[in-house]
Amino acid sequence: IIRDPDPPSGPVDTLIIGDVGDATVVADTDLAMLAADADTLSALGGAPERVLRADEALPLLAVATSAALVRTDERLNPADGVAAVLRYAEMSSAG
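Read on for a plain summary of the structure. What you see is a predicted model, and the numbers here were worked out from it, not measured in a lab. (Residues numbered from 1 in each chain as written. Predicted model: local features only at pLDDT ≥ 70, side-chain atom pairs only at ≥ 80, totals over all residues. Heavy atoms only, no water.)

**Notes on the nonpolar core**
General note: in soluble globular proteins, nonpolar side chains tend to be found buried as a group.
Here is step 1 of the chain: By size, the foremost hydrophobic cluster in this structure holds 12 residues: Leu15, Ile17, Val20, Val25, Ala27, Leu34, Ala54, Ala57, Leu58, Leu61, Ala62 and Ala67.
Here is step 2 of the chain: At the level of elements, strand 1 (12-17), strand 2 (24-27) and helix 2 (54-64) are the ones that each hand at least two residues to this core.
Here is step 3 of the chain: For this core, the element with the highest residue contribution is helix 2, accounting for five residues.
Here is step 4 of the chain: With sequence-adjacent residues up to four places away left out, Val20 is seen in contact with Ala54, Asp55, Asp80, Gly81 and Val82. (Core = buried A, V, L, I, M, F, W, Y, C linked by side-chain atoms within 4.5 Å. Buried < 20%, exposed > 50% of the residue type's maximum accessible area, 1.4 Å probe, protein only. Helix = DSSP H or I, 4+ residues; strand = E, 2+ residues; numbered from the N terminus. Contact = heavy atoms within 4.5 Å.)

Put into structure tokens, the structure is as follows:
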């Protein structure tokens, strides 16, 4: 058994990427955080620094956070071309 000495650092266990077309994402300085637009990145605490192609930036961030990467074809078409399996359940304030 080979164990990763660095535990996973992001919430995404598996990133599923389909056809994202010409979509772009906004990244912070060190590419540690991505969002669909600058306002969303700012709301998440990031500082928008650059706009990148989604089909290049999303796999890069997935690999950097130890997420598995799955490329789909026309048989599976996630909303907006992207889906994810999370490492842990999202916490909700609903009670």
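**Brief notes about the side chain of Asp28**
Here is step 1 of the chain: Relative to the assigned elements, Asp28 resides in the loop between strand 2 and strand 3 (34-35).
Here is step 2 of the chain: No salt bridge is formed by the buried Asp28; the nearest opposite charge belongs to Arg50, separated by 7.1 Å.
Here is step 3 of the chain: One polar contact links the side chain of Asp28 to the main-chain amide nitrogen of Leu31, over a distance of 3.1 Å.
Here is step 4 of the chain: In this structure the side chain of Asp28 is engaged in a polar contact, spanning 2.9 Å, whose partner is the backbone nitrogen of Ala32.
Here is step 5 of the chain: Every residue in contact with Asp28, bar those within four places of it in the chain, is listed here: Met33, Leu41, Ala47, Glu49 and Arg50. (Lys, Arg positive; Asp, Glu negative; His and termini not counted. Salt bridge = Lys/Arg side-chain N within 4 Å of Asp/Glu carboxyl O. Polar contact = N/O pair within 3.5 Å; in protein donor to acceptor, adjacent residues only side chain to side chain.)

**Some words on the sheet that holds strand 6 (residues 82-86)**
Here is step 1 of the chain: Pairing within the open sheet is mixed, and its three strands lie in the order 5-1-6. Pairing within the sheet leaves two strands with one partner each, and these edge strands are strand 5 (68-71) and strand 6. Going from strand to strand, the sheet's axes swing by 20 degrees on average, the running direction of each strand aside. (Pairing = 2+ DSSP bridges. Axes fitted to C-alpha atoms, helices over the stretch in contact; angles between N-to-C directions.)

**Focus: the pattern of salt bridges**
Here is step 1 of the chain: Tallied over the full model, the rule gives three salt bridges.
Here is step 2 of the chain: The residue Asp55 makes a salt bridge to Arg53 at a minimum N-O spacing of 2.5 Å.
Here is step 3 of the chain: Residue Asp55 is classed as partly exposed on the basis of its relative accessible area of 33%.
Here is step 4 of the chain: A salt bridge links Arg75 to Asp73; the nearest nitrogen and oxygen atoms lie 2.8 Å apart.
Here is step 5 of the chain: When its relative accessible area of 33% is taken as the criterion, Asp73 is described as partly exposed.
Here is step 6 of the chain: Through salt bridges with shared partners, a single ionic network connects Arg53, Asp55 and Glu56.

Honestly, it's all geometry; don't read function into it.
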